[in-house]
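Descriptive analysis of the structure
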Amino acid sequence: MTERIRILGLDPGLRNTGWGVITIEGTKLSFVACGVVTSDGDLALALRLKQLHDRLTDVVGTWTPDEVAVEETFVNKDAQATLKLGQARAMSLLVPALHGLPVAEYGANQVKKTVVGVGHAEKDQVQAMVKILLPKADFKKADAADALAIAIAHAHHRKARALAASL
């Protein structure tokens, strides 16, 4: 009997954090749900982070994942934007940790290489492959598609990560 694992992928952002839930059973991937949690740009940073925390808590409580995968932050030229993204990403790491869930992190190029086969794939290529791998996926926003891609990447790498951790 093959174990069914539910994976939550998170694509952190201060304005929009994409989330996607899949299951893996053996080598079979299945779409469960996806969406985007948002924060109100008119609020103070602390309140926006609280909104992300509360809304991600709802996602974890509703979809009860077994494992979580979060995209790593890339550094861009705007230090302020990078810092804010890092703070939003902290909510994506903190919420599952508070629920006792294992959290894996993947770089954007690793996700793209896993899903598309090329580390510098364009967003539309990633979305097309997500649709092929998860035909029932009904993402409305790119952030949700990215989150599903992160979950797919984790589904492919989770056994190798567990083996490496046990050595």
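Residues numbered from 1 in each chain as written. Predicted model: local features only at pLDDT ≥ 70, side-chain atom pairs only at ≥ 80, totals over all residues. Heavy atoms only, no water.

**Notes on the UniProt feature "active site" (unreviewed entry) in the protein chain**
Mapped onto the present numbering, the UniProt feature "active site" (unreviewed entry) falls on Asp-11, Glu-71 and Asp-143. In sequence the annotated residues extend across 133 residues, while in space they remain close, none of their C-alpha pairs exceeding 11.3 Å. Lining the largest pocket, from this annotated set, are Asp-11 and Glu-71. Mapped onto the elements of the fold, Asp-11 is located in strand S1 (residues 4-11). Judged by relative accessible area, Asp-11 falls into the buried class, the value being 8%. (UniProt positions renumbered as here; feature names shortened; annotations may be inferred. 1 Å grid on protein atoms, 1.4 Å probe; cavity = no way out; pocket = protein on both sides within 12 Å on 5 of 7 lines; lining within 4 Å. Helix = DSSP H or I, 4+ residues; strand = E, 2+ residues; numbered from the N terminus. Buried < 20%, exposed > 50% of the residue type's maximum accessible area, 1.4 Å probe, protein only.)

**Some remarks on the layout of surface pockets**
Within this model, the largest pocket holds a volume of roughly 310 Å³. Lining the largest pocket are 15 residues, with Asp-11, Glu-71, Ala-108, Lys-123 and Asp-146 positioned closest to its centre. For the lining of the largest pocket, the elements supplying multiple residues, two or more each, are helix H2 (79-98), helix H3 (108-115), helix H4 (123-133) and helix H5 (142-166). For the lining of the largest pocket, the element with the highest residue contribution is H3, accounting for three residues. Here the lining of the largest pocket is composed, by residue class, of seven nonpolar, one polar and seven charged. As a volume, the second largest pocket reaches approximately 220 Å³. Lining the second largest pocket are Gly-13, Leu-14, Arg-15, Asn-16, Arg-48, Phe-74, Asn-76, Ala-81, Thr-82, Lys-84 and Leu-85. With four residues, the single largest contributor to the lining of the second largest pocket is H2. In terms of residue class, the lining of the second largest pocket is built from four nonpolar, four polar and three charged. (Points joined across faces, edges and corners; volume = space filled by probe spheres on them. Nonpolar A, V, L, I, M, F, W, Y, C, P; charged D, E, K, R; others polar.)

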